[in-house]
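Below are the chains, spelled out letter by letter.
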Amino acid sequence: MRILLTILTLIATTSVLAGPPKDAVKIMRPYPSLCTPTFQSLMGALTEDYAIHISATFEETPVSYVAIVENPNSKSMAVIHIAESGQACLVFSGLNLQKFDRPEGMAPPKVDINDKDDGV
(Lines give C-alpha, C1' and ligand atoms only; values in the text may rest on other atoms or scores of the structure.)
Protein backbone atom coordinates (compact mmCIF):
# COMPACT_ATOMS: atom_id res chain seq x y z
CA MET A 1 0.00 0.00 0.00
CA ARG A 2 2.86 2.36 0.84
CA ILE A 3 4.40 1.76 -2.60
CA LEU A 4 1.08 2.56 -4.29
CA LEU A 5 0.77 5.83 -2.34
CA THR A 6 4.36 6.75 -3.23
CA ILE A 7 3.71 6.11 -6.92
CA LEU A 8 0.48 8.12 -6.86
CA THR A 9 2.27 11.00 -5.12
CA LEU A 10 5.02 10.97 -7.74
CA ILE A 11 2.49 10.99 -10.57
CA ALA A 12 0.53 13.85 -9.01
CA THR A 13 3.60 15.99 -8.38
CA THR A 14 5.15 15.43 -11.81
CA SER A 15 2.15 16.43 -13.94
CA VAL A 16 2.94 19.54 -15.96
CA LEU A 17 0.70 22.41 -16.93
CA ALA A 18 1.82 24.63 -19.78
CA GLY A 19 1.84 28.34 -19.25
CA PRO A 20 3.93 31.46 -19.49
CA PRO A 21 6.97 32.03 -17.28
CA LYS A 22 6.18 33.60 -13.89
CA ASP A 23 7.78 36.91 -14.93
CA ALA A 24 5.82 37.16 -18.22
CA VAL A 25 3.66 40.21 -18.89
CA LYS A 26 1.16 40.47 -21.74
CA ILE A 27 1.61 43.70 -23.70
CA MET A 28 0.27 44.99 -27.00
CA ARG A 29 3.01 46.16 -29.35
CA PRO A 30 2.07 48.54 -32.12
CA TYR A 31 4.23 48.23 -35.22
CA PRO A 32 3.75 49.12 -38.87
CA SER A 33 2.79 46.41 -41.33
CA LEU A 34 2.60 46.42 -45.11
CA CYS A 35 -0.71 44.79 -46.13
CA THR A 36 -2.25 43.71 -49.43
CA PRO A 37 -5.79 42.45 -50.10
CA THR A 38 -4.47 38.98 -50.98
CA PHE A 39 -1.55 36.72 -50.11
CA GLN A 40 -0.88 36.19 -53.82
CA SER A 41 -0.39 39.93 -54.35
CA LEU A 42 2.16 40.24 -51.54
CA MET A 43 3.99 37.02 -52.45
CA GLY A 44 4.15 38.02 -56.12
CA ALA A 45 5.81 41.32 -55.28
CA LEU A 46 8.23 39.78 -52.76
CA THR A 47 9.15 36.96 -55.14
CA GLU A 48 9.77 39.34 -58.03
CA ASP A 49 11.71 41.94 -56.02
CA TYR A 50 13.56 39.78 -53.49
CA ALA A 51 13.44 36.23 -54.94
CA ILE A 52 12.01 34.82 -51.73
CA HIS A 53 10.26 31.49 -51.28
CA ILE A 54 8.04 30.07 -48.55
CA SER A 55 10.20 28.12 -46.13
CA ALA A 56 7.60 27.39 -43.40
CA THR A 57 3.95 27.96 -42.54
CA PHE A 58 1.81 27.41 -39.50
CA GLU A 59 -1.79 27.81 -38.43
CA GLU A 60 -2.16 30.60 -35.89
CA THR A 61 -5.88 29.93 -35.41
CA PRO A 62 -8.28 27.82 -37.47
CA VAL A 63 -8.79 30.87 -39.76
CA SER A 64 -5.45 32.72 -39.73
CA TYR A 65 -1.99 31.66 -40.79
CA VAL A 66 1.65 32.70 -40.70
CA ALA A 67 4.14 32.19 -43.50
CA ILE A 68 7.90 32.44 -43.10
CA VAL A 69 9.58 33.46 -46.36
CA GLU A 70 13.27 33.68 -47.11
CA ASN A 71 16.05 34.07 -49.62
CA PRO A 72 19.02 32.04 -48.35
CA ASN A 73 21.35 33.67 -50.91
CA SER A 74 20.78 37.20 -49.59
CA LYS A 75 20.18 35.91 -46.02
CA SER A 76 16.89 37.80 -45.84
CA MET A 77 13.69 36.59 -44.18
CA ALA A 78 10.19 37.89 -43.53
CA VAL A 79 7.08 36.95 -41.56
CA ILE A 80 3.68 37.28 -43.24
CA HIS A 81 0.34 37.10 -41.41
CA ILE A 82 -2.64 35.90 -43.47
CA ALA A 83 -6.13 36.72 -42.14
CA GLU A 84 -9.40 34.90 -42.73
CA SER A 85 -10.36 37.57 -45.28
CA GLY A 86 -7.27 36.66 -47.32
CA GLN A 87 -5.51 39.92 -46.45
CA ALA A 88 -1.78 39.39 -46.06
CA CYS A 89 0.49 41.62 -44.01
CA LEU A 90 4.27 41.73 -44.02
CA VAL A 91 4.78 41.91 -40.27
CA PHE A 92 8.55 41.60 -39.88
CA SER A 93 11.46 41.44 -42.29
CA GLY A 94 15.18 41.45 -41.81
CA LEU A 95 18.67 40.54 -42.89
CA ASN A 96 21.48 38.28 -41.68
CA LEU A 97 19.33 35.16 -41.48
CA GLN A 98 20.76 32.48 -39.19
CA LYS A 99 19.34 28.98 -38.88
CA PHE A 100 19.77 26.63 -35.97
CA ASP A 101 19.35 22.88 -35.56
CA ARG A 102 17.57 21.32 -32.62
CA PRO A 103 20.24 20.40 -30.04
CA GLU A 104 21.08 16.71 -30.03
CA GLY A 105 19.76 14.94 -26.95
CA MET A 106 17.25 17.68 -26.12
CA ALA A 107 14.51 16.46 -23.80
CA PRO A 108 11.07 15.90 -25.33
CA PRO A 109 8.36 18.49 -24.65
CA LYS A 110 6.57 18.31 -21.31
CA VAL A 111 3.18 19.12 -22.83
CA ASP A 112 1.31 17.87 -25.88
CA ILE A 113 0.35 20.94 -27.93
CA ASN A 114 -2.28 18.84 -29.71
CA ASP A 115 -4.06 18.15 -26.41
CA LYS A 116 -6.92 20.64 -25.97
CA ASP A 117 -6.14 20.97 -22.23
CA ASP A 118 -2.39 21.54 -22.70
CA GLY A 119 -0.25 23.71 -24.88
CA VAL A 120 0.12 27.37 -25.59
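Shown above is the structure to which this text applies.
Definitions and cut-offs
- Residues numbered from 1 in each chain as written.
- Predicted model: local features only at pLDDT ≥ 70, side-chain atom pairs only at ≥ 80, totals over all residues.
- Heavy atoms only, no water.
- Phe/Tyr/Trp six-rings, centres within 6.5 Å; stacked < 30°, edge-to-face > 60°.
- Helix = DSSP H or I, 4+ residues; strand = E, 2+ residues; numbered from the N terminus.
- Buried < 20%, exposed > 50% of the residue type's maximum accessible area, 1.4 Å probe, protein only.
- Pairing = 2+ DSSP bridges.

A.B. asks: Quick question: what am I supposed to make of the packing of aromatic side chains here?
C.D. replies: A ring pair, where both rings are aromatic, is described by two values, the distance of the centres and the angle of the planes. This model, assessed by the stated rule, comprises one aromatic pair. Pairing Y31 with F92 gives two aromatic rings, centres 5.1 Å apart and planes at 35 degrees, and the pair type is tilted. A residue pair is termed long-range when its members are at least 10 positions apart, and Y31 in the loop between α1 (2–14) and β1 (34–36) and F92 in strand β5 (residues 88–94) qualify at 61 residues. For F92, a relative accessible area of 47% translates into the label partly exposed.

A.B. asks: Would you explain the pairing of strand β4 (residues 76–82) in this entry?
C.D. replies: It is a general feature of regular strands that their side chains alternate between the two faces of the sheet. Of the two faces of β4, the one holding S76, A78, I80 and I82 is buried and the one holding M77, V79 and H81 is not buried anywhere. Looking at chain direction, strand β3 (residues 64–71) and β4 are connected through seven bridges and run antiparallel. When the bridges of β4 are listed, V66 appears paired with H81. Hairpin remark: β3 followed by β4, antiparallel, with four residues in the connecting loop; positive phi at K75, about 55 degrees. Strand direction decides the pairing type here: β4 and β5, joined by six bridges, are antiparallel. Following the sheet pairing, H81 is matched in β5 by C89. In this antiparallel pair of consecutive strands, β4 and β5, the connection spans five residues, and G86 shows a positive phi of 100 degrees.

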